[in-house]
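Overview (structure and organization)
Residues per chain are reported as follows:
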Amino acid sequence: MLGLSLLLAACSQSPTTGTEPNTTSSEETTSSQQTDAGDAPESSAQEATTTAEEAPSEAVPEKPSFPPTAPFPEIQGGQVLEDTNPDPKVVEVNLVAQPNKIQLSDTVTQIMYTYNGIVPGPIIRARVGDELIVHFTNRLQEPTTVHWHGLRIPDKMDGTPRVQSPIKAGESFTYKFKLREAGSFWYHPHVRSHAQVELGLYGMLIVQEKENIKFTRERSVILDDILIINGRITAPMSSHMEAMHGRNGNNLFMHGKLGALSIKAKTGEVERWRVVNVANARTMSMKFTGVKVRVIGTDGGLLAKPYFIPTTLHIAVGQRYDLEVTYEKPGDYNFSLMAPTQTGVQALPMVKVNVEGEATQTPSVSPNYPEIPALPERKSDQSVTMTFNGVNTANGIEWQINGKGYWKEPIYTFKEGETVTMTLRNLQAQEHPFHLHGQFFTVLKRDGKEVFEPGLKDSVLVGGNETVEIQAYFDNPGQWMAHCHILEHAELGMMGEIVVTPKP
Ligand code: C2O
Ligand code: CU
């Protein structure tokens, strides 16, 4: 009953006053463990039953032509999509977008949009260098696409309306591409995404490093919030507030349930968290207490030099962080969402961790990180300034890039291999998490001052009235969207294209 009353309290708030999400607790969604199709046990069993006498003279067991791939590490926080292809270098999966009834809490059910019936969608897992084949079917009653956020793939596979006509209701499309980088990525539609993502269309895409890194386990942690009014997810773009700031939910929505995510661990365990913010608009500022947390990776994969988080980790919409989480002492810990309110910042439980008992491995795991070279220094070939602004028009607010909304022609054309310093200037108070498709960049400065935000990114927060300088590496030719990842802003004009012409 406690959960219910908290929920009702949150739902009776008007959407214009309630920006802090409710945080009733929920159990973690059932996790499933990837079992790899490796047939090592079978072949060793065969060996064991073949005695020397029985073995014909040339009964040398046929050697596979490739070394068998190690199974993926254990992962919690979602179901792993089944790989239907026996080739160890190919991951082939079936993905279906379809409506389904989801039990958000003991008392709230809602028809949501799902991938394969679940929210979040299933985890797609492969290894760097693999080919990924996704047979996608649209069983929604509206067009959709699948965009592979952060991956450097051929643009035809990028799932944006610039390169693909949206997949109509009832139709199918096969996405097929090679995975060039290890890292934590995600997938979501690129058609009416402010509505479709809010309704549950998102999932994690994990590209494992060449060799498994040893952790107690990996964990997918997907941060989301949703806006529920009168027991229902409200229709998209339902208020002026939403057009201005994007939709901020009044409930945390963690792994398909309302409220905080609850997890369990043991003292001495070391986990790898793959964290992604899939909210429509909310920057998730997460404060960790009682555990040791190191940032080991960003949007573009592992860092050359991991670092400890000073206090709070700010995760803009679209961004990913890979964290090394060490549980040193037993206890109950709350990792809080630092949510801004009219009266200041409120700390709300976001992930609750119960640490109990001792780790079974002694000594506890110490991750075997591969040597990651520092990013090569690159000289910029040119500099551009991108301005972000919002204006009132006869049709309501329009969000603009360089003085224009709803760009039809490319905003910029660069050459493959070009390095470009991009100055992202926000002329107003609303924030804009800027996202660039198909390329990576690094963050250099904020308001003229050098910052420590290491690692490759494809998404960066440009705060209210802030100027952020990035260095972007246009190494992947094609037509690439560049947009604000506040999905309402993108829908209201703040989206365009950057063309990268291929080397002759
Ligand atoms: Cu995550 Cu253009 O999107
Ligand atoms: Cu924006």
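Residues numbered from 1 in each chain as written. Chains lettered and ligands numbered in written order. Predicted model: local features only at pLDDT ≥ 70, side-chain atom pairs only at ≥ 80, totals over all residues. Heavy atoms only, no water.

1. Some words on the confidence of the model for the protein
If pLDDT is low for a region, its predicted coordinates should not be looked at in detail. Put simply, the protein has an average pLDDT of 89, and 86% of its residues get 70 or more. Confidence over residues 1-18 falls short of pLDDT 50; this stretch has 25 contacts with residues more than four positions distant or in other chains. Counting interchain partners and residues more than four positions distant, the pLDDT-below-50 stretch residues 63-67 has 1 contact. (pLDDT = per-residue confidence, 0-100. Contact = heavy atoms within 4.5 Å.)

2. Brief notes about the nonpolar core
Core analysis: the biggest nonpolar cluster contains 55 residues, and Leu-104, Trp-148, Tyr-175, Phe-177 and Leu-205 have the highest contact counts within it. With 5 residues, the top contributor of residues to this core is strand β3 (residues 90-103). Leaving out residues up to four positions away in the same chain, Leu-104 has contacts with Thr-109, Gln-110, Met-112, Ile-226, Ile-228, Phe-253, Gly-256, Lys-257 and Leu-258. (Core = buried A, V, L, I, M, F, W, Y, C linked by side-chain atoms within 4.5 Å. Buried < 20%, exposed > 50% of the residue type's maximum accessible area, 1.4 Å probe, protein only. Helix = DSSP H or I, 4+ residues; strand = E, 2+ residues; numbered from the N terminus.)

3. What to know about the sheet that holds strand β34 (residues 467-474)
Pairing is mixed in the open sheet, where 6 strands are placed in the order β27-β26-β29-β34-β31-β32. Each having just a single partner strand, β27 (396-401) and β32 (449-450) make up the two edges of the open sheet. Of the strand pairs in this sheet, strand β26 (residues 382-393) and β27 are connected by 6 bridges, and their pairing is antiparallel. Note that in β27 the partner of Asn-392 across the bridge is Ile-397. (Pairing = 2+ DSSP bridges.)

4. Quick look at the coordination of the copper ion (ligand 2)
In a perfect tetrahedron of four donors around a metal, the angles come out at 109.5 degrees. In a perfect octahedron of six, they are 90 or 180 degrees. Taken together, the protein ligands of the copper ion (ligand 2) are His-432 (ND1), Cys-484 (SG) and His-489 (ND1), with distances of 2.0 Å. Sequence spacing of the donors to the copper ion (ligand 2): H-x51-C-x4-H. One end of the pair, His-432, is in strand β30 (residues 432-436); the other, His-489, is in helix α5 (residues 487-491), and 57 residues separate them in sequence. The same class applies to His-432 and to His-489, which are both buried. (Donors = N, O, S within 2.8 Å, 3.2 Å for Na, K, Ca; no water.)

5. Regarding the sheet that holds strand β4 (residues 109-115)
Spatial strand order, β4-β3-β6-β8: 4 strands in an open sheet with mixed pairing. Looking at which strands have only one partner, the edges of the open sheet turn out to be β4 and β8 (172-178). Pairwise comparison of adjacent strand axes, ignoring direction, gives a mean angle of 20 degrees for this sheet. Bridging between strand β6 (residues 131-138) and β8 involves 7 bridges; their strand directions are antiparallel. Paired with His-135 across the strands is Thr-174, a residue of β8. (Axes fitted to C-alpha atoms, helices over the stretch in contact; angles between N-to-C directions.)

6. Quick notes on unusual backbone geometry
Backbone torsion omega between Val-119 and Pro-120 reads -10 degrees, so that peptide bond is classified as cis. Mapped onto the elements of the fold, Pro-120 is located in the loop between β4 and β5 (124-127). The residue Asn-116 is not glycine, and still its phi comes out positive at about 55 degrees. Along the chain, Asn-116 falls in the loop between β4 and β5.

7. So, the packing of aromatic side chains
Within the structure shown, the criterion is met by 14 aromatic pairs. Pairing Phe-173 with Tyr-175 gives two aromatic rings, centres 4.6 Å apart and planes at 65 degrees, and the pair type is edge-to-face. Here Phe-173 falls in the partly exposed class, since its relative accessible area comes to 26%. You can call Tyr-175 buried: its relative accessible area is 0%. Pairwise contacts between aromatic rings join Tyr-115, Phe-136, Trp-148, Phe-173, Tyr-175, Phe-177 and Tyr-187 into one cluster. (Phe/Tyr/Trp six-rings, centres within 6.5 Å; stacked < 30°, edge-to-face > 60°.)

8. Topic: the pattern of salt bridges
Under the defined criterion, the tally for this structure stands at 26 salt bridges. Lys-292 is paired through a salt bridge with Glu-328; the nearest N and O atoms lie 3.8 Å apart. In this pair, Lys-292 sits in strand β20 (residues 292-298) while Glu-328 sits in the loop between β23 (320-326) and β24 (331-341), placing the two residues 36 residues apart along the sequence. For Arg-446, the salt bridge is made with Glu-466, and the minimal N-O distance between the two is 3.0 Å. One end of the pair, Arg-446, is in strand β31 (residues 440-446); the other, Glu-466, is in the loop between β33 (459-462) and β34, with 20 residues separating them in the sequence. Summarising the burial analysis for this pair, Arg-446 and Glu-466 share the class buried. When salt bridges that share partners are traced, they join Arg-125, Glu-209, Glu-218, Arg-272, Arg-274 and Asp-322 into one network. (Salt bridge = Lys/Arg side-chain N within 4 Å of Asp/Glu carboxyl O.)

9. Some details on the pairing of β27
Buried residues dominate β27, accounting for 5 of its 6 residues. In sequence, β26 turns back onto β27 through a hairpin of 2 residues.

10. Let's talk about the side chain of His-483
Note on placement: His-483 falls in strand β35 (residues 478-484). The buried category is assigned to His-483, whose relative accessible area is 2%. Of the polar contacts made by the side chain of His-483, one reaches the side chain of His-190; its length is 3.4 Å. Here His-483 is in contact with His-190, Pro-433, Phe-434, His-435, His-437, Ala-490, Met-494 and Met-495, once residues within four sequence places are set aside. (Polar contact = N/O pair within 3.5 Å; in protein donor to acceptor, adjacent residues only side chain to side chain.)

11. Observations regarding the side chain of Asn-280
Along the polypeptide, Asn-280 turns up in the loop between β18 (270-277) and β19 (284-287). Within the local environment of Asn-280, its side chain forms a polar contact with the backbone oxygen of His-194, the two atoms lying 2.9 Å apart. Leave out the neighbours within four places in its chain, and Asn-280 touches His-194, Val-197, Glu-198, Arg-247, Val-317, His-485, Ile-486, Leu-487 and Glu-488.

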